[in-house]
Amino acid sequence: MATVSDLRAVLTDTLDKRGVLGQLKARVRAEVFAALDDQSEVKPVLSHENLLINEMIREYLEFNKYKYTSSVLSAETGLSDIPLDRSFLARELNLFEDSSAESVPILYGMLAHFLHGHKDMPCPSALKPSSERTIERRITSSADRFAKDSHL
């Protein structure tokens, strides 16, 4: 007969494998933060640059379904519940976007731009979903290029 600790271990393992455990932990953290957040405390006015950065981070978090992290970011920074329009962000950042770039967060396009090192490449270009191995190769090749350039 299974003990309580055996059942707990199996339940924890099953929830972890399904990805539910991480979501539950994130939800608990978000709820604790919301409960502790002092609503009477006035948030400082965000600079224009911080607002743009926070909006790009929020876009990335929501794209990747990190909704609890996004809610904590919004609460902590005082972002509006309604995100800034993506075309507004692109204009503010002086970005040229092709139609495929609009399917991924701006941060992915910026990362692709810098990983590929093309100064004349429109930024952001769409970073097509790829395997982790491909991303690791790109990062390694960029790191190698940086190391070679640093020795010159």
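Residues numbered from 1 in each chain as written. Predicted model: local features only at pLDDT ≥ 70, side-chain atom pairs only at ≥ 80, totals over all residues. Heavy atoms only, no water.

Per an unreviewed UniProt entry, the protein goes by the name Centrosomal protein 20 and belongs to Eleutherodactylus coqui. Quoted verbatim from the Function (unreviewed entry) field of the UniProt record, the comment on the protein reads "Involved in the biogenesis of cilia. Required for the recruitment of PLK1 to centrosomes and S phase progression." Under Sequence similarities (unreviewed entry), UniProt gives the following word-for-word description of the protein: "Belongs to the CEP43 family." (UniProt positions renumbered as here; feature names shortened; annotations may be inferred.)

Visitor: Mind showing me how you'd approach the pattern of salt bridges here?
Guide: Note that side chains of opposite charge can pair when their charged atoms are close. Taken as a whole, this structure holds three salt bridges when the rule is applied. The partner of Asp 13 in a salt bridge is Lys 17, with the nearest N and O atoms 3.2 Å apart. Here the residue Asp 13 and the residue Lys 17 both occupy positions in helix α1 (residues 4-18), the gap between them amounting to four residues, near one helical turn. (Salt bridge = Lys/Arg side-chain N within 4 Å of Asp/Glu carboxyl O. Helix = DSSP H or I, 4+ residues; strand = E, 2+ residues; numbered from the N terminus.)

Visitor: Where do I start with the side chain of Thr 77 in this structure?
Guide: With respect to the helices and strands, the residue Thr 77 is situated in helix α4 (residues 67-77). Apart from the residues lying within four places of it in its own chain, the contact partners of Thr 77 are Leu 46 and Asn 54. (Contact = heavy atoms within 4.5 Å.)

Visitor: How do you make sense of helix α2 (residues 20-36) when you look at a structure like this?
Guide: Each turn of an α-helix holds 3.6 residues, which means side chains three or four residues apart point in the same direction. Here α2 contains 17 residues, and its C-alpha end-to-end distance of 24 Å stays within 8% of the 24 Å for a straight helix at 1.5 Å per residue. Residues Leu 21, Ala 26 and Ala 30 constitute the buried set of α2. Residues of α2 that are buried sit in contact with α1 and α4. (Expected span 1.5 Å × (residues − 1). Buried < 20%, exposed > 50% of the residue type's maximum accessible area, 1.4 Å probe, protein only.)

Visitor: When you look at α1 in this model, what are you seeing that I'm missing?
Guide: The end-to-end C-alpha separation of α1 is 21 Å, in line with the 21 Å expected for 15 residues at 1.5 Å each. Note on α1: the residue one or two positions beyond its end, Gly 19, has a positive phi of about 80°.

Visitor: When you look at the packing of α2 against α4 in this model, what are you seeing that I'm missing?
Guide: How two helices sit against one another is set out by the angle between their axes and by the gap between those axes. Where α2 contacts α4, the axes come no closer than 9 Å and their chain directions differ by 15°. When the axes of α2 and α4 are compared, the pair comes out roughly parallel. Read as a crossing pair, α2 and α4 show a hand that is left-handed. Counting all contacts with α2, which are made through Gln 23, Ala 26, Arg 27, Ala 30 and Phe 33, the residues of α4 involved are Tyr 68, Ser 71, Val 72, Ala 75 and Glu 76. Split into classes, the residues belonging to the contact of α2 with α4 amount to six nonpolar, two polar and two charged. (Axes fitted to C-alpha atoms, helices over the stretch in contact; angles between N-to-C directions. Parallel < 35°, antiparallel > 145°, perpendicular 65-115°, else oblique. Left-handed = near helix turned anticlockwise from the far one by under 90°. Nonpolar A, V, L, I, M, F, W, Y, C, P; charged D, E, K, R; others polar.)

Visitor: Even after reading the chapter, I still don't get unusual backbone geometry, so can you show me in this structure?
Guide: With glycine set apart, most residues show a phi of negative sign, and most peptide bonds adopt trans. The phi dihedral of Lys 65 is positive, around 65°, even though this residue is not glycine. Its place among the elements puts Lys 65 in the loop between α3 (48-63) and α4. A relative accessible area of 69% means that Lys 65 is categorised as exposed.

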